[in-house]
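A structural walkthrough
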Amino acid sequence: MAQVTNPDESLRVVPAPASRAPGDPTLIVGKGSATTVGEEQAAPVTARIEWLDGEHAILAEEPSAGAGPDPIRTRVMLGPVRRRTSDGIVIREVVVDGWHVEVELELELRASLRDRARRGVPAIGPGGPIEILAQLPGRIVGLSVGPGDAVVAGQQLLVIEAMKMHNELRAPRAATVERVAVAVGDGVELGDLLVVLR
Amino acid sequence: MQVVAELNDSRPFSRVLVANRGEIAVRIIRACRELGMDSVAVYSDPDRHAGHVRAADVAVRLGPAPASQSYLAANAIVEAALATGAQAIHPGYGFLAERASFAAAVESAGLTFVGPDSRTIAAIGDKLAGRRIARSVDVPVVPGTLEPAAVSRPEALAGIIAAAEEIGYPLLVKAAAGGGGRGMRRVGRSEDLAVALLAASEEAQSAFGDGSVYLEREIRPARHIEVQLLGDAAGRVVALGERDCSIQRRHQKLVEEAPAVGLSEAGRKDLHAMAVRIASAVGLTNAATAEFLYGPDGSFWFLEVNARIQVEHGVTELVSGLDIVHEQFWLAAGAPLSAGAISAAERAASPGGHAIEVRISLEDPARAFTPLAGRVGRFRMAAGPGVRVDTALEPGERVPPDYDPLVAKLMVHAADRPAAIDRLRRALDETEIDGVQTTLPFHRFVAASAAFRAGDLSTDFVETYWDGPMARRAAVHQALLAAGLAAFESIPTPALLADQPAGLGWPAAARAEAIDRWPR
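About the cut-offs
- Residues numbered from 1 in each chain as written.
- Chains lettered and ligands numbered in written order.
- Predicted model: local features only at pLDDT ≥ 70, side-chain atom pairs only at ≥ 80, totals over all residues.
- Helix = DSSP H or I, 4+ residues; strand = E, 2+ residues; numbered from the N terminus.
- Rg over C-alpha atoms; globule rule 2.2 N^0.38 Å.
- Buried ≥ 20, exposed ≤ 12 C-beta atoms within 10 Å, placed from the backbone.
- Contact = placed C-beta atoms within 7 Å.
- Arc of directions from axis to C-beta.
- Pairing = 2+ DSSP bridges.
- Axes fitted to C-alpha atoms, helices over the stretch in contact; angles between N-to-C directions.
- Domains from an automatic or database assignment.
- Core = buried A, V, L, I, M, F, W, Y, C linked by C-beta atoms within 7 Å.
- Left-handed = near helix turned anticlockwise from the far one by under 90°.
- Nonpolar A, V, L, I, M, F, W, Y, C, P; charged D, E, K, R; others polar.

What follows is about the overall build of chain B. When its secondary structure is counted, chain B shows 19 helices and 22 strands. A compact globule built from 520 residues would reach a C-alpha radius of gyration of about 24 Å, and chain B, at 24 Å, matches this within 12%. For chain B, the spread of C-alpha atoms along the three principal axes comes to 80 × 60 × 45 Å. When each of the 520 residues of chain B is scored for burial, the buried share is 56%. Across chain B, every contact between residues at least 6 apart in sequence was considered, and the portion connecting residues at least 24 apart equals 66%.

How big an interface is tends to be reported as the loss of accessible area on association of its parts. Across the contact, 47 residues belong to chain B and 54 residues belong to chain A. When residues of the side of chain B that touches chain A are traced back to their parent elements, those giving at least two are α9 (193-208), β16 (370-371), α15 (440-448), α18 (468-486) and α19 (505-516) of chain B. Top contributing element to the side of chain B that touches chain A by residue count: α18(B), with 13 residues.

A separate point is helix α4 (residues 74-84) of chain B. Residues and elements named next belong to chain B. Those residues of α4 that sit buried are I77, V78, A80 and A81. With its buried residues spanning 155° around the axis, α4 presents them on a single face. Residues N75 and A83 are exposed on α4 and point more than 90 degrees away from its buried face. Within two residues after α4, G85 carries a phi angle of roughly 75°, on the positive side.

All names here are of chain B. Pairing is antiparallel in the open sheet, where three strands are placed in the order β7-β6-β8. Taken across any chain shown, the strands that pair with only one partner, and hence form the sheet edges, are β7 (185-187) and β8 (213-217). Adjacent strand axes in the sheet meet at a mean angle of 30° when their direction is disregarded. Those strands touched by α9 are β6 (171-175), β7 and β8, and its axis lies near 25° from that of β6.

Looking at the assigned domains, one finds that chain A contains domain 1 (11-118) and domain 2 (130-197). Computed from C-alpha coordinates alone, the two centres of domain 1 of chain A and domain 2 of chain A are separated by 34 Å.

Turning to the nonpolar core, a few remarks are in order. Within the largest apolar cluster, 140 residues are counted, with the highest numbers of intra-cluster contacts made by L17(B), I89(B), L229(B), A275(B), I278(B) and A279(B). Not counting residues within four places of it along the chain, the set of residues in contact with L17(B) comprises V40(B), V42(B), A80(B), A81(B), T84(B), A86(B) and I89(B). With 35 residues, the next largest nonpolar core counts V29(A), V81(A), W99(A) and A486(B) among its residues.

So, on to the environment of I278(B). Residues and elements named next belong to chain B. Among the secondary structure elements, I278 is positioned in helix α10 (residues 265-281). For I278, a count of 26 C-beta atoms within 10 Å translates into the label buried. Spatially, the C-alpha atom of I278 lies 21 Å from that of L263, the residues being 15 residues apart in sequence. Residue contacts for I278: discarding those within four places in its chain leaves I133, A134, V137, V139, A290, F302 and V305.

Attention now goes to the sheet that holds strand β13 (residues 300-306) of chain B. Residues and elements named next belong to chain B. Taking strand neighbours across the sheet as the criterion, the eight strands line up as β13-β12-β9-β10-β11-β14-β21-β19 in an open arrangement whose pairing is antiparallel. Strand pairing shows two members of the sheet lacking a second neighbour, β13 and β19 (387-391), which therefore form its edges. Across the sheet, the mean angle separating the axes of adjacent strands is 25° when strand polarity is ignored. Relative to strand β12 (residues 286-294), strand β9 (residues 223-231) runs antiparallel, the two being bridged by nine bridges. Across the sheet, the residue bridging to R223 is Y294, located in β12. Sheet contacts for helix α13 (residues 339-347): β9 and β10 (237-249); angle to β10, the most-contacted strand, approximately 60°.

Here P418(B) shows up in helix α14 (residues 417-430). For P418(B) and R453(B), which are 35 residues apart along the polypeptide, the C-alpha to C-alpha distance reads 7.0 Å.

Here we take up the packing of helix α2 (residues 22-34) of chain B against helix α12 (residues 324-332) of chain B. All names here are of chain B. Where α2 contacts α12, the axes come no closer than 9 Å and their chain directions differ by 65°. Here α2 runs over α12; the crossing is right-handed. Contacts between α2 and α12 pair R27, I28 and A31 from the former with V325, H326 and F329 from the latter. Of the residues assigned to the contact of α2 with α12, the class counts are four nonpolar, one polar and one charged.

Next comes the structure, spelled out in structure tokens:
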């Protein structure tokens, strides 16, 4: 699905997990226009891609009503397709204004079917486990809790040294430490599991 | 001057070991090559194929990734110099550059340390000693303590707290051996002082092997302005000009420029003279930088002397026309200050032209500039008129998590500041990196910022003007939109494949992907 052949189809486009941050939008993109999920009342954005070479293009967005006559033209770099998952998701990289964003694209029809299949599965509520992952690569230099410890919101869990800076990781809410997956002296990579709270 | 006669029409040394990595090692190796000297690179295991190793004439393995077993392994480095027949060691910045014990070890092995001598490093590398020296030559210092705080003795804490009350809050706890914001804590109220002292001391101990800390009043808003100094063995010291390095995060610089905007010629002369007085008082030889805070009332406060080449030395080189690393080598070999250095110093208070540098690092500007590591994909650096790029990185290379995440310094030079900013914007448009997040979005913001253009600089610039999460959100929206729309368009053949036999669309696209996919 590097290319959609049926112009009536639309794509669901989200940042890939490696690039995702809380509050990031989900876009439904068709040929020449897009809407942001959760903002259905808003008018769809009209936009087009003007290719320069095989990886650079101008994104030309028609201004929203009253914002002036000229389209907003932004230079984008579209990287190669990095990965295709077995369930039909394509991941490619886009660079806009120096921001590196890994993007997931999936046919909207397929994505909505999957959503429907998942409905009914209980969500992870406030009492569910919280996995504390390494937000930066480094070395564990301090561990303040052990399994079974009760922690309050904001309490220090551990200290990661990265680039010789000590970075404290704190509990996001009151919880019990279920598991400590690292020891002092361990090297950790971005996204490694550190602590599980419940 | 016997020494001078010997040096004429010759080279400072025949072979030099560069005890560093990354862009600064490559920059020093370039100077070696220009001066006709062999260069010896040293490397840790993850740097086996790094740019500085490629650039050198000889390469010596130091050890595994941790700096303590590689780039901080002083004995191994001196041994490598002796084994390869190097006559001198250039430490670059960071790592061993300001460790007096290393300079002393180099000297006692019969080698030349390219930098201030070990006694000078000890005298001014200690920030507290630097403060005392500055005061002795009537240079204003930031109010604070002049002796190390006794962190480990709880009974001495009362004295420190009393000193803190006198200085006033908010204040900074700083590492005596520090630099780059390490071992530094901001304290807003007396209740937090004890914890901050301990934390700063521990961090300083781990980063510098010296846990001494002291207190300093926080001066805000302020600009950070520093003076580039050169000194020779005969005791002559000159200032080559100043740099404004106000745009920082976590006390680490992001953008630097020369000269500092808004200073008069007389103001420049005063500032340069203060820096020269401090350097002369300690008998500075080779290159160093005196750092000052510039208050909104136009007063300068001395901060510290960095007895080494600075990351941002390049902007002074662009404005002065002098190659500071060349000068370092000649000075280390015993030559007096060169005619070029002396004439550059004479012009320093009325500089022609303007230079700006941005530090491109693997950091996330939406998450408080968190350092990152990883493999870069495309890595295309700007070129063209008035552009200089210092880097050791190539496309597809991995940036290890073990060291500083700086990957490139982009510098521009133009006739005046507005033209330099225009050129910076152009150069940033040409700069393309993917595969990893870098500080580029922030630099693009600065170059386009009205506040920056107006010279509204302070160490609060990032806090005041930069909303990383908001800037990122706007870009993410456009990235999603572009990727979605592109899936409906046929993709032109990438330039790399244009000469290949024409095929159907799909096979061509598949080939493009196969060729284009970076190993991960």
